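As a plain string of letters, each chain reads:
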Amino acid sequence: MENTYSAADIIEQLQEGKVIKCLDCKEGHYITTAKDIKLSHEFHCNKCGSVVRVTPNIIVE
C-alpha cells in the first residue's frame with residue numbers, strides 16, 4: 001500500500017529537517033533557499049527542479 005501525503009504534510013517534515021526524495025524524478029531530494037528552514041514554504045528538487053509549496057492562510061482584521 002502506497003502512502004499519500006499532502007503538500008502541507010511534506011512541508012512540515014521538510015521544515016523539521018527530514019530529507020525527502022523527490023516525488024517526480026525519484027532521484028533528487030527537496031531543498032530550500034530560505035535562510036531559516038523552519039519558516040520556508042517552498043522546497044525544490046535538487047535534480048529536476050520540481051517544486052512543493054504551501055501557502056499559509058493569513059487573516060487580516
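Rules behind the numbers
- Residues numbered from 1 in each chain as written.
- Predicted model: local features only at pLDDT ≥ 70, side-chain atom pairs only at ≥ 80, totals over all residues.
- Heavy atoms only, no water.
- Helix = DSSP H or I, 4+ residues; strand = E, 2+ residues; numbered from the N terminus.
- Buried < 20%, exposed > 50% of the residue type's maximum accessible area, 1.4 Å probe, protein only.
- Pairing = 2+ DSSP bridges.
- Core = buried A, V, L, I, M, F, W, Y, C linked by side-chain atoms within 4.5 Å.
- Contact = heavy atoms within 4.5 Å.
- Salt bridge = Lys/Arg side-chain N within 4 Å of Asp/Glu carboxyl O.

Along the chain, the position of K18 falls in the loop between helix 1 (7-15) and strand 1 (30-31). Separated by twelve residues in the primary sequence, K18 and Y30 place their C-alpha atoms 9.5 Å from one another.

Below, the discussion takes up unusual backbone geometry. Of note in the backbone geometry, K26 takes a positive phi value of approximately 65° without being a glycine. Tracing the backbone through its elements, the reader meets K26 in the loop between helix 1 and strand 1. Given a relative accessible area of 51%, K26 falls into the exposed group.

One open sheet accounts for three strands, arranged 1-2-3; its pairing is antiparallel. Edge strands, defined here as strands with exactly one partner in the open sheet, are strand 1 and strand 3 (51-53). As paired strands, strand 1 and strand 2 (residues 42-45) are joined by two bridges and run antiparallel to one another. When the sheet's bridge partners are listed, Y30 is paired in strand 2 with C45.

Next up on the list: the nonpolar core. Ranked by size, the top nonpolar core spans nine residues in total: I10, I11, L14, I20, C22, Y30, F43, C45 and V52. Listed by contribution, the elements that provide at least two residues to this core are helix 1 and strand 2. A total of three residues in this core trace back to one element, the largest contributor, which is helix 1. Beyond its immediate sequence surroundings of up to four residues, Y30 is in contact with L14, I20, K21, C22, L23, D24, F43, H44, C45, S50 and V52.

The next thing to look at is the pattern of salt bridges. One pass over the full model with this rule turns up one salt bridge. Residues E42 and R53 are paired through a salt bridge, measuring 2.7 Å at the closest nitrogen-oxygen approach. In this pair, E42 sits in strand 2 while R53 sits in strand 3, placing the two residues eleven residues apart along the sequence.

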